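Structure at a glance
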Amino acid sequence: MSQTTDQLANISPSATPSEAELEAWAKLPRDEQVRRHQALFAQADCNNFTLDSPDDILAAARERVAQRRHG
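What follows is about the overall build of the chain. What the chain contains, in helices and strands, is four helices and zero strands. Start at the N end of the chain and walk to the C end: the helices and strands fall as α-α-α-α. Out of the 71 residues in the chain, the part that is buried amounts to 15%. Taking the contacts inside the chain whose residues are at least 6 apart along the sequence as the reference set, 35% of them involve residues at least 24 apart. Surface accessibility of the chain: about 6,000 Å² in total, with carbon and sulfur atoms responsible for 52%.

This brings us to the pattern of salt bridges. Enumeration according to the criterion identifies three salt bridges in this entry. Where R68 meets E21, a salt bridge forms, and the shortest distance between an N and an O atom there is 3.3 Å. Here the residue R68 occupies a position in helix 4 (residues 54–70), and E21 occupies one in helix 2 (residues 19–27), the gap between them amounting to 47 residues. When the shortest N-O distance is used, the salt bridge between R36 and E32 registers 2.6 Å. Taken as a pair, R36 and E32 lie in helix 3 (residues 30–41) at a separation of four residues, close to a single helical turn. Of the two residues, R36 and E32, neither departs from the other in class, the shared state being buried. Overlapping salt bridges, with partners in common, bring together E32, R35 and R36 in one network.

So, about the layout of surface pockets. What the largest pocket holds in volume is close to 190 Å³. Around the largest pocket, the lining residues are D45, C46, N48, F49, T50, D52, I57, A60 and R64. Its residues placed into classes, the lining of the largest pocket shows four nonpolar, two polar and three charged. Approximately 150 Å³ is the volume attributed to the second largest pocket. Residue lining of the second largest pocket: S14, A15, T16, I57, A61, R64 and R68, and that is the complete set. Here the lining of the second largest pocket is composed, by residue class, of three nonpolar, two polar and two charged.

Reading guide: rules and limits
- Residues numbered from 1 in each chain as written.
- Predicted model: local features only at pLDDT ≥ 70, side-chain atom pairs only at ≥ 80, totals over all residues.
- Heavy atoms only, no water.
- Helix = DSSP H or I, 4+ residues; strand = E, 2+ residues; numbered from the N terminus.
- Buried < 20%, exposed > 50% of the residue type's maximum accessible area, 1.4 Å probe, protein only.
- Contact = heavy atoms within 4.5 Å.
- Areas by Shrake-Rupley, 256 points an atom, 1.4 Å probe, with all protein chains shown as cover.
- Salt bridge = Lys/Arg side-chain N within 4 Å of Asp/Glu carboxyl O.
- 1 Å grid on protein atoms, 1.4 Å probe; cavity = no way out; pocket = protein on both sides within 12 Å on 5 of 7 lines; lining within 4 Å.
- Points joined across faces, edges and corners; volume = space filled by probe spheres on them.
- Nonpolar A, V, L, I, M, F, W, Y, C, P; charged D, E, K, R; others polar.

Following this line, the structure appears as structure tokens:
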């Protein structure tokens, strides 16, 4: 299996995608993008509530992105 095919098989929606993930996502047909979103939101942990504020969630996402870029 080629590297491109591997990328497409493993790509999923992300709040903080890398450039490579954005490119791979854009290569998927729209119906496949919708199917993958639906599968993501069907997971049990998507129904959990949090006490984190939107600012807390954004700060945590930015921290993950910064860590990914530096390491």
